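Now for the letters of each chain:
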Amino acid sequence: MSDDPAEHGDRETTVLFPTVSTALRASAPNPQVVVPRLVQLEGEGPGRRYLLRSPASIGRDAESTVCIQDPMASRHHAILRRLDPRGSEWEIEDLASRNGTFLNDARILRHTLRFGDRIRIGQTVLLFTFVDPLEEALVHRKNLDTIGRVGASIAHDMNNLLGGILINVDFLLGALGSSAPELATALEEIRAGARLGKEITSRILRLAGADSDSAQLDLGAIVRGAMHAAKPALGAAVRVEQELAPDVHVRGRRSQLEQLVTNLLVNASDAMPRGGRVVVRLSHRPSSGLAASVVAGELAELVVEDEGEGIDPAIERQIYDPFFTTRGASGHVGLGLTIARDVATEHGGTLEHQRRSPRGTRFRLVLPALTAGKRVEARTPIGGAPRSAELRRPEAGAARTSSPGDVRVLVVDDEPLVRRGLERLLRSFGYRVTVAGGGDEGLELFHASLAGRSYDVVLLDLDMPDRDGLSVLRAMRAEAPHVVVIFLTGYATEARQRELVDAGAKLVVAKPCDAATLRRAIERVLEA
């Protein structure tokens, strides 16, 4: 692996990461290699950034390193050259241009550059500066936070849409029976597509931080998900082979562990610029002979091997340092392995590496595993992530009925597609259904029902524009402490689910849910 930025391209890439707790503790750029760049301050396209490799040309020519669309610029206007191996000393030379090259408002033919200098060509002003890793890390973190918020909002809306599709498809399948097999097959395919969409929104929610709480996880599923997510970054020339043992479970945060595995895969790919083979192995192993920092007991071991040139012994001790990178000019900020080791440590494990013979590198992640005796069934899984919250037994005085025709259900949801689909499906089950288009209307209907026989079950959306579901639940319990409420939501962290249960909810069911999931949830609360 080379530490010369001139040997790499001038593309800028964005590095996504869920945590920079270790990385941000470092405040200085990597002192070994300085990665200079030009930032356009004025002219067409302000804000553009150009990473530099020597020599770097400026002009209107499309092949120029810095192509500027300025009528006063020549096709080949000026050139920048690096004067020292570290990349901190550069010079600029005017190439006999028509209108001249100006450095800090003084016309020059050839001059040494200092960081902070301003280059003016016609109406275009370029700032000569360098990549500040700390600034890059903060910008990337801010971008990730924005992506998370937008992603959560999109996933919530998509889950409502997918919920309406699944509910109506299940209703149609139930109504068709065996009378139209081809139509039933088409509906099954629509349902399969909706379920695939559900998995995609789940990944978006994990990026948004919906799994901020620790949970019991299938490490094999996480590895497969990371390999799928990393596939575009690995490129067609990299072949990934997997040997994943079944039933390897750990406790942790899904998004962080997925990012750890993704970083290892991308690092392996970067070590093989001309392509090659990456081998991923997952297995159980005992803790004997490992570092004292690893919790004793059964362990999960993940190994990622590449066929690259290996790690140069001269830099081997630095590869986990924040902002250390051998690919500075490619836009990498040097946080991939830092974050990977940080996540491993936070999960009670270790991340180590060793050089392979005759070539290549092996990274080994070791985490405490959950043995069969330590694993417990996750909180009543109803409808997938987010997991359903714990079922509470009803308070004394709660009415229960023995047949669906006697069960009164109130549906409170602001999304018409979901609301109408739920009403249609629940009626097909035999329930007596009333619907409300928002929190205020739901409270009015609930209050009116108390004069006679109240509702047996309330299906309550969590996020509504007029009044949120938690507020509605508290108002209902103030009037009728025995009320049985099932929350339907497309986005709720585990902490949020606990809050809903503590407020009196009996279950929290993830949107989108299918007919069987919904029916099972209602039957459980009625039987409790």
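Quantities reported herein were computed from a predicted structural model and do not represent experimental measurements.

Student: I'm lost on the overall build of the protein chain in this one. Help?
Tutor: Helix and strand counts for the protein chain stand at 10 helices and 23 strands. Classification of the 528 residues of the protein chain by burial places 48% in the buried group. Restricting to contacts in the protein chain with at least 6 residues of sequence separation, those with at least 24 account for 68%. A total of about 24300 Å² of accessible surface is found on the protein chain, and carbon and sulfur atoms cover 50% of it.

Student: Would you take a moment to explain the packing of aromatic side chains for this structure?
Tutor: Geometry of an aromatic ring pair is reported as the spacing of the ring centres plus the angle between the planes. For the coordinates displayed, the defined rule picks out three aromatic pairs. With centroids separated by 6.1 Å and ring planes inclined at 90°, the aromatic side chains of F429 and Y431 adopt a geometry described as edge-to-face. Considered together, F429 and Y431 belong to a single accessibility category, that of buried residues. Connected via pairs of aromatic rings, a cluster forms that spans F115, F128 and F130. Sitting over the face of the ring of F171, R424 holds its NZ or CZ atom 5.9 Å from the ring centroid.

Student: Explain the pattern of salt bridges to me, please; I cannot follow it from the model alone.
Tutor: A side chain of one charge can pair with a side chain of the opposite charge when the charged atoms of the two come close. One pass over the full model with this rule turns up 24 salt bridges. The salt bridge partner of R110 is E93, with a shortest N-O separation of 3.2 Å. You can see R110 sitting in strand β9 (residues 110–113) and its partner E93 sitting in strand β6 (residues 90–94), a full 17 residues away along the chain. In this structure, E309 engages R274 in a salt bridge whose closest nitrogen and oxygen atoms are separated by 4.0 Å. Linking E309 in the loop between β16 (299–305) and α5 (336–346) with R274 in the loop between α4 (254–270) and β15 (276–285), this pair joins segments that are 35 residues apart in sequence.

Student: Would you mind going over helix α8 (residues 469–479) with me for this structure?
Tutor: Every α-helical turn comprises 3.6 residues, leaving residues that sit three or four positions apart pointing alike. Among all positions of α8, only G469, L470, V472, L473 and M476 are buried. Angular distribution of buried residues about the axis of α8 spans 155°; they occupy a single face of the element. On its buried face, α8 sits against β19 (408–412), α7 (439–449), β21 (457–461), β22 (485–489) and α9 (494–502).

Student: Looking at this structure, I do not really get the packing of helix α6 (residues 416–428) against helix α10 (residues 515–527). What am I missing?
Tutor: The relative placement of two packed helices comes down to the angle between their axes together with the axis-to-axis distance. Put simply, α6 and α10 touch, their axes get as near as 11 Å, and they point 65° apart. Relative to α10, the element α6 is oriented roughly perpendicular. Note that α6 runs across α10; the crossing there is right-handed. When α6 is examined against α10, the residues L422, L425 and L426 are found in contact with a partner set consisting of A515, L518 and I522. Classifying every residue of the contact of α6 with α10 gives six nonpolar, no polar and no charged.

Student: It is not clear to me how the sheet that holds β9 should be interpreted in this structure. Could you clarify?
Tutor: For sheets, the rule is that strands pair by backbone hydrogen bonds, running either parallel or antiparallel. The strand order β4-β3-β5-β6-β9 describes an open sheet built from five strands, whose pairing is mixed. Looking along the sheet, the strands with just one partner apiece sit at the ends: β4 (66–67) and β9. Pairing of strand β3 (residues 56–59) with strand β5 (residues 78–82) involves three bridges; the strand directions are antiparallel. Counterpart to A56 in the pairing with β5 is L80.

Student: Before we go on, may I ask you to explain the pairing of β6 in this structure?
Tutor: Along any regular strand the residues' side chains alternate between the sheet's two faces. Among the five residues of β6, five are classified as buried, and the element is accordingly described as predominantly covered. Of the two faces of β6, the one carrying W90, I92 and D94 and the one carrying E91 and E93 are both buried. Two strands pair when backbone bridges link them, and β5 and β6 are joined in this way by five bridges, in the antiparallel orientation. Within β6, the residue paired with I79 across the bridge is E93. Examined bridge by bridge, β6 and β9 share four bridges and lie antiparallel to one another. Bridge pairing in β9 places I92 opposite H111.

Student: What am I meant to see in the nonpolar core here?
Tutor: In globular proteins that are soluble, nonpolar side chains generally tend to be buried together. One finds L219, L260, L264, L265, V278, L351 and F363 to be the most contacted residues of the largest nonpolar core, which totals 39 residues. Only β12 (215–218), α3 (219–234), α4, β15, β16, α5 and β18 (361–368) provide two or more residues apiece to this core. Here this core takes seven residues from α3, the largest share from any one element. With 25 residues, the next largest nonpolar core counts V418, L488, V509 and A521 among its residues.

Student: Help me out: how do you make sense of the environment of A184 in this one?
Tutor: Its location among the elements puts A184 in helix α2 (residues 181–207). Expressed as a C-alpha distance, the spacing of A184 and G174, which sit 10 residues apart in the sequence, is 9.5 Å. If near-sequence neighbours (up to four positions away) are discounted, A184 is found in contact with L173 and L176.

Student: Explain the packing of α8 against α9 here, please?
Tutor: Where α8 contacts α9, the axes come no closer than 10 Å and their chain directions differ by 15°. Accordingly, the angle class assigned to the pair α8 and α9 is roughly parallel. Read as a crossing pair, α8 and α9 show a hand that is left-handed. The residues of α9 that touch α8, namely those facing L470, L473 and R474, are R496, E499 and L500. Considering only residue class, the contact of α8 with α9 consists of three nonpolar, no polar and three charged.

Student: Is there a simple way to explain the sheet that holds β19 in this structure?
Tutor: Taking strand neighbours across the sheet as the criterion, the five strands line up as β20-β19-β21-β22-β23 in an open arrangement whose pairing is parallel. One side of each edge strand has no neighbouring strand; the edge strands of this open sheet are β20 (432–436) and β23 (507–510). Each adjacent strand pair in this sheet contributes to an overall mean axis angle of 20°, direction not counted. Two elements, β19 and β20, share five bridges in a ladder whose sense is parallel. For L410, the partnering residue across the bridge sits in β20 and is T434.

Each value, and the rule that gives it
- Residues numbered from 1 in each chain as written.
- Predicted model: local features only at pLDDT ≥ 70, side-chain atom pairs only at ≥ 80, totals over all residues.
- Heavy atoms only, no water.
- Helix = DSSP H or I, 4+ residues; strand = E, 2+ residues; numbered from the N terminus.
- Buried < 20%, exposed > 50% of the residue type's maximum accessible area, 1.4 Å probe, protein only.
- Contact = heavy atoms within 4.5 Å.
- Areas by Shrake-Rupley, 256 points an atom, 1.4 Å probe, with all protein chains shown as cover.
- Phe/Tyr/Trp six-rings, centres within 6.5 Å; stacked < 30°, edge-to-face > 60°.
- Lys NZ or Arg CZ within 6 Å of the ring centre and 35° of its normal.
- Salt bridge = Lys/Arg side-chain N within 4 Å of Asp/Glu carboxyl O.
- Arc of directions from axis to C-beta.
- Axes fitted to C-alpha atoms, helices over the stretch in contact; angles between N-to-C directions.
- Parallel < 35°, antiparallel > 145°, perpendicular 65-115°, else oblique.
- Left-handed = near helix turned anticlockwise from the far one by under 90°.
- Nonpolar A, V, L, I, M, F, W, Y, C, P; charged D, E, K, R; others polar.
- Pairing = 2+ DSSP bridges.
- Core = buried A, V, L, I, M, F, W, Y, C linked by side-chain atoms within 4.5 Å.

Everything listed is a geometric property; what it means functionally is a separate question.
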